[in-house]
Amino acid sequence: MTVEALSPLTRKLSAFVALSEVELAGLERLHQRRRSFVAGRDMVHQGQSSQAAYILSAGWVCSYKLQADGTRQIVDFQVPGDFLGLRSVLLRTSDHSFEPIVDIEAAEVLTSDLLDAFAQTPRLATAILWAASRDEAMVVEHLVGIGRRDANARMAHFLLELGSRLALVGIGSKEGFDCPLTQYHLADTLGLSAVHVNRVLRQLRESGLVTFRDGHVTFHDHGGLVKLAEFDPAYLDHAGPLLE
């Protein structure tokens with residue numbers, strides 16, 4: 001079995017489809033252009049055209065949109081196993097930017113690579129479509145969070161979602177996960193001020209639910225946090241392969 005067969009993307013797609021040797025080989029080909037990026041320097045700029053997509057192998061990335069006044073809204077965070085810029089490649093122009101939060105490793109994927117993979121391994125193409133659909137479902141949940149959940153439930157839901165995503169690729173659990181995000185990242189994501197984020201995290205900690213400290217999230221009462229957030233992970237579709 002190749003290294004790519006154990007890659008985060010392989011783990012993630014295996015939640016949807018039982019990958020064959022041919023499909024694993026197709027994934028290996030998508031990983032052939034490996035690149036490194038330093039933290040704090042955009043990989044893709046909003047409005048950029050003719051760019052590649054990327055498969056994140058290690059590290060964390062944030063995707064964000066800039067407003068005319070220079071402020072930004074973080075749309076989501078990408079973790080190992082996620083595609084970066086897949087939609088932008090197919091639409092030719094990126095509608096948002098990608099910035100590594102830490103130094104990262106990623107595989108560059110050209111449009112021709114994707115089209116070849118889709119033509120040669122239709123089930124792999126279906127699995128990638130599943131991943132893109134799952135990303136869209138997460139955006140819907142984020143919109144609901146900002147629009148309808150109070151600050152504590154919003155934070156709880158976000159941390160639970162991150163934990164579930166990381167558990168799928170083997171780097172998180174119901175006990176917790178390493179997390180390089182700052183309170184400013186959380187503020188830009190959740191539509192809160194940094195001061196409010198600090199207050200919410202303190203309240204969740206003092207309630208015995210979760211602690212976020214020194215780059216690590218610790219779930220003290222996972223079930224209690226789920227109840228607070230009304231977190232239903234069905235939208236993440238981790239129930240097991242639909243295609244055998």
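All values derive from a computational prediction rather than experimental measurement. (Residues numbered from 1 in each chain as written. Predicted model: local features only at pLDDT ≥ 70, side-chain atom pairs only at ≥ 80, totals over all residues. Heavy atoms only, no water.)

Q: Go over the pattern of salt bridges with me, naming the residues and quoting the values.
A: One pass over the structure, following the stated rule, counts nine salt bridges. Two residues, Asp113 and Arg33, come together in a salt bridge whose shortest N-O distance is 2.3 Å. Of this pair, Asp113 sits in helix H4 (residues 111-120) while Arg33 is found in the loop between helix H2 (21-30) and strand S1 (34-37), placing the two residues 80 residues apart along the sequence. The salt bridge involving Glu99 is made with Arg72; its shortest N-O contact spans 3.6 Å. With Glu99 in strand S6 (residues 97-100) and Arg72 in strand S4 (residues 72-78), the pair connects residues that are 27 residues apart, well separated along the chain. Here Glu99 falls in the buried class, since its relative accessible area comes to 17%. Sharing partners across several salt bridges, the network here consists of Lys12, Asp76, Asp82 and Arg165. (Salt bridge = Lys/Arg side-chain N within 4 Å of Asp/Glu carboxyl O. Helix = DSSP H or I, 4+ residues; strand = E, 2+ residues; numbered from the N terminus. Buried < 20%, exposed > 50% of the residue type's maximum accessible area, 1.4 Å probe, protein only.)

Q: Residue-level account of the sheet that holds strand S10 (residues 216-219), with values.
A: Sheet architecture is open: three strands sit in the order S8-S10-S9, paired in antiparallel fashion. Single-partner strands in this sheet number two, and they are strand S8 (176-178) and strand S9 (210-213). Averaged over all pairs of adjacent strands, the angle between their axes in this sheet comes to 5°, without regard to strand direction. In this sheet, S10 lies alongside S8 in antiparallel orientation, the contact comprising three bridges. The residue of S10 that forms the bridge with Asp178 is His216. Packed onto the sheet, helix H6 (residues 151-168) meets S8, S9 and S10 and runs at close to 80° relative to S8. (Pairing = 2+ DSSP bridges. Axes fitted to C-alpha atoms, helices over the stretch in contact; angles between N-to-C directions. Contact = heavy atoms within 4.5 Å.)

Q: Go over the domain arrangement of the chain, please, and point to the residues and values.
A: Segmenting the chain into domains produces domain 1 (3-131) and domain 2 (139-236). Each of domain 1 and domain 2 has a C-alpha centre, and these two points are 24 Å apart. Counting from both sides, the interface comprises 18 residues of domain 1 and, opposite them, 19 residues of domain 2. The junction of domain 1 with domain 2 conceals about 1,600 Å² of combined surface from both sides, 66% of it contributed by carbon and sulfur atoms. Here domain 1 is connected to domain 2 by three salt bridges. With a closest N to O distance of 3.0 Å, Asp188 and Arg72 form a salt bridge. Summed over the shared surface of domain 1 and domain 2, the result is seven residue pairs in polar contact (both at pLDDT 80 or more). Mapped by element, the contributors of at least two residues to the side of domain 1 that touches domain 2 are helix H1 (8-13) and S4. Its residues assigned to classes, the side of domain 1 that touches domain 2 comprises eleven nonpolar, two polar and five charged. (Domains from an automatic or database assignment. Buried area = accessible area lost by both parts, 1.4 Å probe. Polar contact = N/O pair within 3.5 Å; in protein donor to acceptor, adjacent residues only side chain to side chain. Nonpolar A, V, L, I, M, F, W, Y, C, P; charged D, E, K, R; others polar.)

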